[in-house]
Amino acid sequence: MAKERRQEEEAWRWRAGILGIAILSRLLILALTLLFRHLASPYDSSALIDPPCLVSSTSQEPAGIADRVQDPGRRTWGRRIGAAIEGSIVWDGVYYVRIAKCGYEYEQSHAFLPVLPLTMRFMTNYVLFGMIPLIGHRATLAFSGYLINNLSFLGAAFYFHRLSCYILRDRKLATSATLLFCFNPASVFYFSIYSESMFSLLSFAGLWCLLLGAKWRATLLFGLSGAVRSNGVLNAGFLLFQAMHEAHNYFFFLNKPLMTGRVIYFAVLQVLGSILPFVSFQGYGYYQLCWTSNDDELVVCRPWCNSSIPYLYGFVQNHYWNVGFLNYFHWKQLPNFSLASPMLLLATCAIVSYAKRRPLVFFSLGLARQSGSWREAALLSLLDRYRPVLDNQGAQARSVNMPNVVPAEPIVHKELKQRHLQRPNASQFQMHNQSWQESQEDAVSFSAGFYSASTLSFLLKLGFMTAVASFIMHVQVATRFLSSSLPIYWYAASKMESSVHGKRIQSIIWTLFLCYISVGTLLFSNFYPFT
């Protein structure tokens, strides 16, 4: 008990340190934003323009507030603060605040998914209600957005560190990776009224639940992440990947076809649940834009509505922002490719390096038993965090000591007890032990760090996202699109910790990250284009 208590206290000290660093990073972005807003003039001065909602009934302003907001006797300091907050609403923030205030008025606004603006509206109307008469409704909505996103970032940093400790099994490496995430090149977007912070929080929390074996909780969080950003639907891939490994094990090695069917059945339900919010929002857009009532007849009114699969999000991205395969491959876009190149290069190097160091695990998707680490590749290694070696009777076990391995957090043991998870029986241990011993040297060499089998599914997702960012999206968006990908920071941290060129690599990476933070904040806060 005393040992567990000490471990828990130590874990909480680490978490407090991580939260302190995350708060420091938010204060840095705030200071840079205020400084650059003071030193430079905005390129676009239309941020303060706030036309009335198209339909007055769609305005979500609380009843009885309008007259008080327009009161000329409102305090001068309140008007100034409100104007300053409204002046900071730039780029996508304009859409999110407008949606929170008026709902989805235009077709192109459906590119911005609903969870963030709905949360902003809720907080404004029910939590920060008293601020509306002082600074105005729109300014309060914007302030809610800033508050939500920065609190979400603290939660994202918290779960980033926990995931990193679990996957990498090296607390020093996990902390270095978390530091890089807290000061990542897209930091200004995590501070502003954008969806990156909330998306990262929901995705990381869902992954943590998945590691604990709470798949339905993970499904719920993955579904919410898909209603924050469209790439949230990719989180369903973790559920599929894990189910693939479980089904493969039950069918080919344990000879249990019924269990195989059960795994597939629940995997299908969980994947459908994780993509349901995004699909439902597409249905909402179809109902809103494609069908209108005209003498009790339904009339199709938009061209994309007649598609075999009426995909609103894809149409909006292509029609209004020219997003499509190779649409951005023009000579004039070379500066944007250069802007995105550091993040794309880091992602590509991480994938290639892993494939070269662990080809059997990578190209077999972790299914090859010769790799000796299929459970870790499938993120099923919670019950054998330290692989037990059973005696002949299977009654005693001792832990295999690994250097720099982070002990399982007390919450893991508590969660397992609450869920009444059982240890595998002796025959299962014998099977897993046998496959492990076939490549014991390989397992020890890559038991911890970036090259552990546990990072495989994250890298596969990163590979898909890198390809999409390079060939389909506006390439400059890659910096923030890939900024929530954990393997980028794990790889960078592992290179920084290397004994050969670690110091030089560390200087290059930190210089690059801090330059992007400074230049990005300068450009973004003054309504100049940046990613």
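These figures come from a predicted structure and were not determined experimentally. (Residues numbered from 1 in each chain as written. Predicted model: local features only at pLDDT ≥ 70, side-chain atom pairs only at ≥ 80, totals over all residues. Heavy atoms only, no water.)

K.L.:
I'm lost on the overall build of the protein in this one. Help?
P.N.:
Looking only at helices and strands, one finds 24 helices and 2 strands in the protein. Put simply, the protein has 531 residues, and 53% of those count as buried. Taking all contacts inside the protein whose residues are at least 6 apart in sequence as the whole, residues at least 24 apart take part in 75%. Total accessible area on the protein stands at roughly 25,300 Å², and carbon and sulfur atoms take up 62% of it. (Helix = DSSP H or I, 4+ residues; strand = E, 2+ residues; numbered from the N terminus. Buried < 20%, exposed > 50% of the residue type's maximum accessible area, 1.4 Å probe, protein only. Contact = heavy atoms within 4.5 Å. Areas by Shrake-Rupley, 256 points an atom, 1.4 Å probe, with all protein chains shown as cover.)

K.L.:
How do you make sense of the nonpolar core when you look at a structure like this?
P.N.:
Taken as a class, soluble globular proteins show a tendency for nonpolar side chains to be buried jointly. L180, L482 and W490 are the most contacted members of the largest nonpolar core, which totals 129 residues. In this view, L482 contacts M343, L344, A347, L462, M465, T466 and I488; residues no more than four positions away in its chain are not counted. (Core = buried A, V, L, I, M, F, W, Y, C linked by side-chain atoms within 4.5 Å.)

K.L.:
Can you help me understand helix α3 (residues 76-87) in this one?
P.N.:
Given 3.6 residues per helical turn, the α-helix brings residues three or four places apart onto the same face. Given a rise of 1.5 Å per residue, 12 residues ought to cover 16 Å, and the 16 Å separating the end C-alpha atoms of α3 matches this to within 8%. Where the residues of α3 are buried, they touch α1 (2-39), α6 (132-135) and α7 (137-168). (Expected span 1.5 Å × (residues − 1).)

K.L.:
Please explain the packing of aromatic side chains as it appears in this structure.
P.N.:
One pair of aromatic rings is described through two measures. These are the centre distance and the angle between the planes. Inspection of the entire model under this criterion finds 46 aromatic pairs. Arranged with centres 5.3 Å apart and planes meeting at 75°, the rings of F329 and F337 form a pair that is edge-to-face. F329 gets classed as partly exposed once you look at its relative accessible area, which sits at 40%. In this structure an aromatic cluster arises from ring pairing among F153, F160, F181, Y190, F204 and Y489. The ring centre of F153 lies 3.7 Å from the NZ or CZ of R26, which sits over that ring. Its guanidinium or amino end placed over the ring of Y451, R357 lies 4.4 Å from that ring's centre, counting from NZ or CZ. (Phe/Tyr/Trp six-rings, centres within 6.5 Å; stacked < 30°, edge-to-face > 60°. Lys NZ or Arg CZ within 6 Å of the ring centre and 35° of its normal.)

K.L.:
Just checking my understanding: could you explain empty space enclosed by the protein for this structure?
P.N.:
Any empty space left between the atoms is revealed when a probe the size of a water molecule rolls over them. Overall, the coordinates contain 7 cavities of 30 Å³ or more when judged by the stated rule. In this structure, the second largest cavity spans a volume of roughly 130 Å³. Elements supplying a minimum of two residues to the lining of the second largest cavity: α10 (196-212), α21 (456-471) and α23 (486-496). Tallying contributions element by element places α10 first for the lining of the second largest cavity, with 5 residues. Residue classes in the lining of the second largest cavity are distributed as 9 nonpolar, 6 polar and 1 charged. (1 Å grid on protein atoms, 1.4 Å probe; cavity = no way out; pocket = protein on both sides within 12 Å on 5 of 7 lines; lining within 4 Å. Points joined across faces, edges and corners; volume = space filled by probe spheres on them. Nonpolar A, V, L, I, M, F, W, Y, C, P; charged D, E, K, R; others polar.)

K.L.:
Would you explain the side chain of H110 in this entry?
P.N.:
In this fold, H110 is placed in the loop between α4 (92-102) and α5 (115-126). A polar contact of 2.7 Å, which involves the side chain of H110, links it to the side chain of Q288. (Polar contact = N/O pair within 3.5 Å; in protein donor to acceptor, adjacent residues only side chain to side chain.)

K.L.:
It is not clear to me how a nonpolar patch on the surface should be interpreted in this structure. Could you clarify?
P.N.:
A grouping of F325, L326, F329, F471 and I472 is seen on the molecular surface, where their side chains present a nonpolar patch of about 470 Å² in accessible area. With respect to the secondary-structure elements, F329 resides in the loop between α14 (312-321) and α15 (334-357). (Patch = residues over 30% accessible without salt bridge, like charges linked within 9 Å, V, L, I, M, F, W, Y side chains within 5 Å. Salt bridge = Lys/Arg side-chain N within 4 Å of Asp/Glu carboxyl O.)

K.L.:
I'm lost on the state of the cysteines in this one. Help?
P.N.:
By definition, a disulfide links the sulfur atoms of two cysteine residues through a covalent bond. Per the counting criterion, the structure on display carries 2 disulfides. Disulfide pairing places C53 opposite C102 at an S-S distance of 1.9 Å. Its S-S torsion of about -70° marks the bond between C53 and C102 as left-handed, since a negative value means left-handed. One end of the pair, C53, is in the loop between α1 and α2 (66-69); the other, C102, is in helix α4, and 49 residues separate them in sequence. You'll find C53 and C102 in the same group, each marked buried. Residue pairing for C290: its cysteine sulfur links by disulfide to C305, the two sulfurs lying 1.8 Å apart. In this structure the cystine formed by C290 and C305 twists about its S-S bond by roughly -85°; its chirality is therefore left-handed. With a gap of 15 residues between them, C290 in helix α13 (residues 257-290) and C305 in the loop between β2 (297-300) and α14 connect regions that are remote in the sequence. For the pair shown, C290 and C305 are each scored as buried. In the protein, the bonded cysteines, numbered by position in the sequence, are linked as 1-2, 3-4. (Disulfide = S-S within 2.5 Å.)

K.L.:
What exactly am I supposed to notice about the packing of α7 against α23 here?
P.N.:
In a packed pair of helices, the relevant descriptors are the angle between the two axes and the axis-to-axis distance. Running from amino to carboxyl end, α7 crosses α23 at an angle of 60°, the nearest separation of the two axes being 12 Å. In terms of their interaxial angle, α7 and α23 are classed as oblique. Taken as a pair, α7 and α23 cross one another with a handedness that is right-handed. Between α7 and α23, the contacting residues are F160, L163, S164, I167 and L168 on the first element and L486, Y489 and W490 on the second. Broken down by class, the residue content of the contact of α7 with α23 amounts to 7 nonpolar, 1 polar and no charged. (Axes fitted to C-alpha atoms, helices over the stretch in contact; angles between N-to-C directions. Parallel < 35°, antiparallel > 145°, perpendicular 65-115°, else oblique. Left-handed = near helix turned anticlockwise from the far one by under 90°.)

K.L.:
I keep staring at the environment of F36 and nothing clicks. Help me out?
P.N.:
Within the secondary structure, F36 sits in helix α1. Given a relative accessible area of 14%, F36 falls into the buried group.

K.L.:
Looking at this structure, I do not really get the pattern of salt bridges. What am I missing?
P.N.:
Scanning the model with the defined rule gives 11 salt bridges in all. K172 is the partner of E497 in a salt bridge, and the nearest nitrogen-oxygen pair spans 3.6 Å. Placement of E497 in the loop between α23 and α24 (502-525) and of K172 in helix α8 (residues 171-182) is noted, with a sequence separation of 325 residues between them. For R480, the salt bridge identified is with E196, shortest N-O distance 2.9 Å.

K.L.:
Where do I start with the packing of α5 against α7 in this structure?
P.N.:
Axis separation between α5 and α7 bottoms out at 8 Å; the angle between their running directions is 115°. The handedness of the crossing between α5 and α7 is right-handed. Here α5 contributes L116, T119, M120, R121, M123, T124 and N125 to the contact with α7, which in turn contributes H137, T140, L141, S144, G145, L147, I148 and N149. When its residues are assigned to classes, the contact of α5 with α7 shows 6 nonpolar, 8 polar and 1 charged.

K.L.:
Please clarify how α24 should be interpreted in this entry.
P.N.:
The end-to-end C-alpha distance of α24 is 34 Å, a good match for the 34 Å that 24 residues give at a rise of 1.5 Å each. Summarising the contacts, the buried residues of α24 are in contact with α1, α8, α9 (187-191), α15, α22 (478-481) and α23. Downstream of α24 by a residue or two, F527 has a phi angle that is positive, lying close to 65°.

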